[in-house]
Structures are given as C-alpha cells and as structure tokens.
Amino acid sequence: MVKLQLGQTLIQRDGQRVYVIAEIGQNHQGNLETAKRMIMEAWKSGCDCVKFQKSCLSAKFTKSALQRKYDGPNSWGNTYGEHKTYLEFSIEQYREIQEFCNTLGIDFTASAMDEVSLEEMSSMTVPFIKIGSGDANNFPLLKKAAMLKTPLIISTGMQTLATVDRIVQIMENANKKSFALMHCVSSYPTEPQNCELVRILWLKEKYPNIIIGYSGHEMGIEISKAAVLLGARILERHFTLDCNQKGSDHKCSLEPLQMRNLVLGINNLKHIMSLHTYLKVSDIISLLGETTDIKNALKDCLHDKSIMPCEMNCRNKLGKSLVAAKNLNIGETIDANDLWVKVSEPNGISAEHIEEVIGRQLSKCLSVDEPLQWNYLHKVI
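Please read all numbers here as calculations on a predicted model, not as lab measurements.

Calculation notes
- Residues numbered from 1 in each chain as written.
- Predicted model: local features only at pLDDT ≥ 70, side-chain atom pairs only at ≥ 80, totals over all residues.
- Heavy atoms only, no water.
- Salt bridge = Lys/Arg side-chain N within 4 Å of Asp/Glu carboxyl O.
- Helix = DSSP H or I, 4+ residues; strand = E, 2+ residues; numbered from the N terminus.
- Buried < 20%, exposed > 50% of the residue type's maximum accessible area, 1.4 Å probe, protein only.
- Core = buried A, V, L, I, M, F, W, Y, C linked by side-chain atoms within 4.5 Å.
- Contact = heavy atoms within 4.5 Å.
- Phe/Tyr/Trp six-rings, centres within 6.5 Å; stacked < 30°, edge-to-face > 60°.
- Lys NZ or Arg CZ within 6 Å of the ring centre and 35° of its normal.
- Pairing = 2+ DSSP bridges.
- Right-handed = clockwise from strand over helix to strand, strands pointing away.
- Axes fitted to C-alpha atoms, helices over the stretch in contact; angles between N-to-C directions.
- Left-handed = near helix turned anticlockwise from the far one by under 90°.

Q: In this structure, what is going on with the pattern of salt bridges? I would like to understand it.
A: A side chain of one charge can pair with a side chain of the opposite charge if their charged atoms are brought near each other. Enumeration according to the criterion identifies 24 salt bridges in this entry. Residue Asp165 is joined to Lys206 by a salt bridge in which the shortest nitrogen-to-oxygen separation is 3.5 Å. Of the two residues, Asp165 sits in helix α8 (residues 161-173) while Lys206 sits in helix α9 (residues 199-206), which places them 41 residues apart along the sequence. Owing to a relative accessible area of 30%, Asp165 belongs among the partly exposed residues under this scheme. Overlapping salt bridges bring together Glu23, Lys51, Lys130 and Glu236 as one network.

So, in structure tokens, the structure goes:
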C-alpha cells in the first residue's frame, strides 16, 4: 500500500482518509490576529492543516520585479515589492502562528517559494513543505528539497508532462519517497471547463507509487468533491473569512461555512469510497447531481499535459526565469553557480531549461539579476 505520513495523519493512496488543507496563503491581509482568526475557523471547519506562503523577497524576485509599479485595487503598496512586503510574515511570526496551531491541534506549514525560505521552513517541525506550481520547474530548489527528511507536496500547475516527469526523476535520484503530486490549474478562479479533473486519473496511472492530490481554484465545493472521488487523497483549497475582501485570491477562496460543508461532504463520501476502489466518470457525475459544472470539469482531456491558455497570465506574472547570479562577461561559459531562479521583470528563459543553458557561452554581458534570453547564448563548438 502506497502511503504518506503527514504529521499525525497517515494517508493511503487508495484509502478513504482525505487530508484537507486550508490554504490561507496571504489572505490574512498582513495581520497576525486575522491569521489566527482564520486558523480558528479552519480548525472549526474540520481541516487538517493550515498553509501559508513563505518568501524571501530578494531571493524570489529580481530587483526590477520588486520595483514594478503595482497600484491596482488589490495592491498594498505603490510597487510590487511594497505590496509583497506588506503581506509577508517573518519567520518569528510564523513560529508564533505555529504555536497557536499546536494549541488547537491543527497542522501548520507553508509553501517555500525560494531557497532561503526552504531552509527556514526546514528548520521548523512541519508535517510537510509545499512546493507550489510556480516552483515546480525550479529544479535547483527541488533538488535541495528532495534532500530534506520533511515530506513534500508538489503542485503541477502551469507545467508540461516533461516537467512533471523531471520532478519525479529528481525525487527518485535523491531516494525521496515521502512526497505527493497535486493536480492543479493555475487560473484564479478556474472555470469548470478548465479544471481537467481527469488528470488525477492520469497521474495515478502514470505514477502508481505516488500519492496524488488536488489543489483547486474553482468556485464552490462540488468539483473538489469530484476530485476526491477520482482518487485525490490530499485536497487543498484557498481559504478566506470573506470572499469580498481586498486581494486577488479571495474570490477563488472558500469562506468558513463553505469549507465546513466541503469537509462534511468529503466525510459523507467515505462510505462510497470504501465500496468502490474505482469510480467511472459517469458514476461521479450521477452521484454529484449531473450539473453542467461537474460535467465540464470531468470532460476528457484530448491532449498531453501542457501549459493551458488560462494559466498564461499567472505564468507570465509569477513563473520563474533564469537570471544572472553575478555580473557576467561576454564569452563566459555558464555554470550552475552563475544562475539564480527568480520571478523576473521582464521574463527570461523559463526555469525548466536550466540544464540546456549550462555550458553555453554568453554573447553579451549581463548584470546581476538580469534575465537570460536565448539570443544571449550560443553553443560551445
């Protein structure tokens, strides 16, 4: 039996136990007391875990990305850097949050969104560390994460089949068995026709020794229940106190009553899951009421896993690029120490191409934090 221990909870690939994560992210509005109130509501709802996002801004973003003007209706500052600084908790604040979670008996963790944050999260006793979709192609980060004893949960939004295969290969090379893959579509909110839930079946078939989960960004709870019936044994949904609050994530988040109903709905499905190790898509549609949204979310995928058009906005904004880790001169041959993986303004060569870039020569000088472009490189003859 394929299994994964997350804190005190044992998840089995074909068991009935579903581990539910309330993704608070930065919906706390930068306020520690609001975060604690959200944790309390997630605990009351029956969630197993609350998850935040941990970033070291200088390690995650280039200077130009942080300096980008950002003064829209969801902004907490004039620049993107000011906005992110306002919302970011320190590691000391996260330790206080963890203590609060311990008193309630709910798991605490965070997504590690850069290598500095990965080290900080690994210094805490957490049930797992999340690698978000934005870093699923960040192979240097994945290699470091694979060396940790802490379990990993890795989302696969806005990534190709080749990248998912590479994630699994990195884990296998490090003999890392304590990890799970999450089907995810990086669109906020995700329309039902873009959910591609049958990717869960595809992931289960392709990776028979890995726990598969679902990180959903759709509206409502029925599609997430369908994901559970397809075999997702870890379920993550964004969480908020009020969907109408300022911030781009709130509109695709569940409020406390919705989260409570989702957890209750999953518990009510356990009997069905105990009787059926495999349910056909048509069975799931019938069980959940044959709505148009469920039918659209469960439609067949007629193509290999690829970056979807609806994900391009997120990938362009928050996808990781290869940038210069120091000033580099024309004619230099690039090695791994010359590169960082960051959110860049403008975008550069996408992070998954790092192994194609190493060993090539520069055809122009680069300054530290400057993104690489393909026309800056030529192969060594």
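Further notes follow.
Q: Honestly, the environment of Leu372 in this entry has me stumped. Any pointers?
A: Take Leu372: it is sitting in the loop between β13 (361-362) and β14 (377-378). Taking C-alpha positions, Leu372 is 8.5 Å from Asn347, a pair spaced 25 residues apart along the chain.

Q: Teacher, can you tell me more about the nonpolar core here?
A: The nonpolar side chains of a soluble globular protein tend to be buried with one another. By size, the foremost hydrophobic cluster in this structure holds 93 residues, and its most contacted members are Phe52, Ile97, Leu181 and Leu197. Setting aside anything within four residues of it in sequence, one finds Ile97 in contact with Leu32, Ala35, Ile39, Phe52, Phe89 and Phe108. Counting residues in each nonpolar core, the second largest holds 12 residues, with Leu4, Ile11, Phe128 and Ala180 among its members.

Q: Can you help me understand the packing of aromatic side chains in this one?
A: Each aromatic ring pair is described using two quantities: the centre-to-centre distance and the angle formed by the ring planes. For the structure shown, the criterion picks out 8 aromatic pairs. Their ring planes at 45° and their centres at 5.9 Å tell us that Phe52 and Phe108 sit as a pair that is tilted. Taken together, the residues span a long stretch of sequence, with Phe52 in strand β4 (residues 49-54) and Phe108 in strand β5 (residues 107-112) at a distance of 56 residues. By relative accessible area, Phe108 is classed as buried at 3%. Ring pairing ties together the aromatic residues Phe52, Phe89, Tyr94 and Phe108, which thus form one cluster. The ring of Tyr80 carries Arg68 above its face, with NZ or CZ at 4.8 Å from the centroid. Over the ring of Phe139 we find Arg166; its NZ or CZ atom is 5.4 Å from the centre of that ring.

Q: Help me out: how do you make sense of helix α10 (residues 222-230) in this one?
A: Since there are 3.6 residues in each turn of an α-helix, residues three or four apart along the chain are aligned in direction. Counted residue by residue, α10 has 8 buried out of 9 residues, so it is predominantly covered. The complete set of buried residues in α10 reads Ile223, Ser224, Lys225, Ala226, Ala227, Val228, Leu229 and Leu230. Looking at the packing, one finds that the buried side of α10 touches α9, β9 (211-216), β10 (234-238), α11 (256-275), α12 (281-287) and α13 (292-297). Backbone geometry just after α10 places Gly231 at a positive phi near 125°.

Q: I would appreciate a short explanation of the pairing of strand β7 (residues 152-155) in the present structure.
A: Consecutive residues of a regular strand have side chains that alternate between opposite faces of the sheet. Because side chains alternate across β7, one face comprises the buried residues Leu152 and Ile154, and the other comprises Ile153 and Ser155, equally buried. Here strand β6 (residues 129-131) runs beside β7; their pairing, made up of 3 bridges, is parallel. Note on β7: the bridge partner recorded for Ile129 is Leu152. With helix α7 (residues 139-146) bridging β6 and the parallel β7, this β-α-β connection has right-handed handedness.

Q: I keep staring at the packing of α7 against α8 and nothing clicks. Help me out?
A: Two packed helices can be described by the angle between their axes and the distance between those axes. Closest axis-to-axis distance for the α7/α8 pair is 9 Å, and the angle between their directions is 30°. Relative to α8, α7 is oriented so that their crossing is right-handed. Across the interface between the two elements, Phe139, Leu142, Lys143 and Ala146 of α7 pack against Thr163, Arg166, Ile167, Ile170 and Met171 of α8.

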